[in-house]
Amino acid sequence: MADFRKTLESEDGERRAVILRRPDGKFQIDFEHWDGSEVTGIGGLSDPFWRFEGEEVAGTLEEAESLAASKLGAVRRAANT
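Keep in mind that what you see is a predicted model, and the values were worked out from it rather than measured.

Undergrad: Could you clarify how one ought to interpret the nonpolar core in this entry?
TA: A general feature of soluble globular proteins is that nonpolar side chains tend to end up buried together. Residues L8, A17, I19, F27, I29, F31, A58, A64, A68 and L72 constitute the largest nonpolar core, which totals 10 residues. When contributions to this core are tallied by element, the ones reaching two or more residues are β2 (15-21), β3 (27-35) and α1 (61-72).

As structure tokens, then:
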């Protein structure tokens, strides 16, 4: 099972990278973008969500952060980290 490490978000808040440590010791970076469309569910709830864009793997946390920053541009640490 992967272990959450941190989330980096683009300055405009539209894209993010979620960094996880895998059981093999490598770091997986999942890239996502914000989809503001509304999905109506039971009871008429609207549910915007993050949509998966791709992933990369790095050997260290520092490499993972650097790779994420190179793809996102200017980044900020998301509120959940």
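Read on, since the account is not over.
Undergrad: Is there a simple way to explain the packing of aromatic side chains in this structure?
TA: Aromatic ring pairs are reported here in terms of the distance separating the ring centres and the angle at which the planes meet. Going through the model one piece at a time under the given rule, you end up with one aromatic pair. With a centroid separation of 5.2 Å and an interplanar angle of 70°, the aromatic rings of W34 and W50 are classed as edge-to-face. Placement of W34 in strand β3 and of W50 in strand β4 (residues 49-58) is noted, with a sequence separation of 16 residues between them. Sitting over the ring of F31, K71 keeps its end group 5.5 Å from the ring centre.

Undergrad: Looking at this model, I keep getting lost on the pairing of strand β1 (residues 3-10). Mind explaining?
TA: Looking down a regular strand, the side chains alternate between one sheet face and the other. Summarising the sheet, β1 and β2 pair through six bridges and their orientation is antiparallel. Its bridge partner being in β2, T7 is matched across the sheet by V18. Between the end of β1 and the start of β2, which pair antiparallel, lie four residues, with G13 showing a positive phi angle near 75°.

Undergrad: How should the pairing of β2 be read in this particular structure?
TA: Within β2, five of the seven residues are buried, which leaves it mostly tucked inside the rest of the structure. Here β2 runs beside β3; their pairing, made up of seven bridges, is antiparallel. By the bridge assignment, R16 is partnered in β3 with E32. Hairpin connection of β2 to β3: five residues between the antiparallel strands, including G25 at a positive phi of 90°.

Undergrad: Teacher, can you tell me more about the pattern of salt bridges here?
TA: In a structure, side chains of opposite charge can pair up when their charged atoms sit close to one another. With the rule as written, the count across this model stands at six salt bridges. Close ionic contact of R16 with E32 constitutes a salt bridge, the shortest N to O distance being 2.5 Å. Residue R16 is located in strand β2, and its partner E32 is located in strand β3; the two are separated by 16 residues in the primary sequence. For the pair shown, R16 and E32 are each scored as buried.

Conventions and cut-offs
- Residues numbered from 1 in each chain as written.
- Predicted model: local features only at pLDDT ≥ 70, side-chain atom pairs only at ≥ 80, totals over all residues.
- Heavy atoms only, no water.
- Core = buried A, V, L, I, M, F, W, Y, C linked by side-chain atoms within 4.5 Å.
- Buried < 20%, exposed > 50% of the residue type's maximum accessible area, 1.4 Å probe, protein only.
- Helix = DSSP H or I, 4+ residues; strand = E, 2+ residues; numbered from the N terminus.
- Phe/Tyr/Trp six-rings, centres within 6.5 Å; stacked < 30°, edge-to-face > 60°.
- Lys NZ or Arg CZ within 6 Å of the ring centre and 35° of its normal.
- Pairing = 2+ DSSP bridges.
- Salt bridge = Lys/Arg side-chain N within 4 Å of Asp/Glu carboxyl O.

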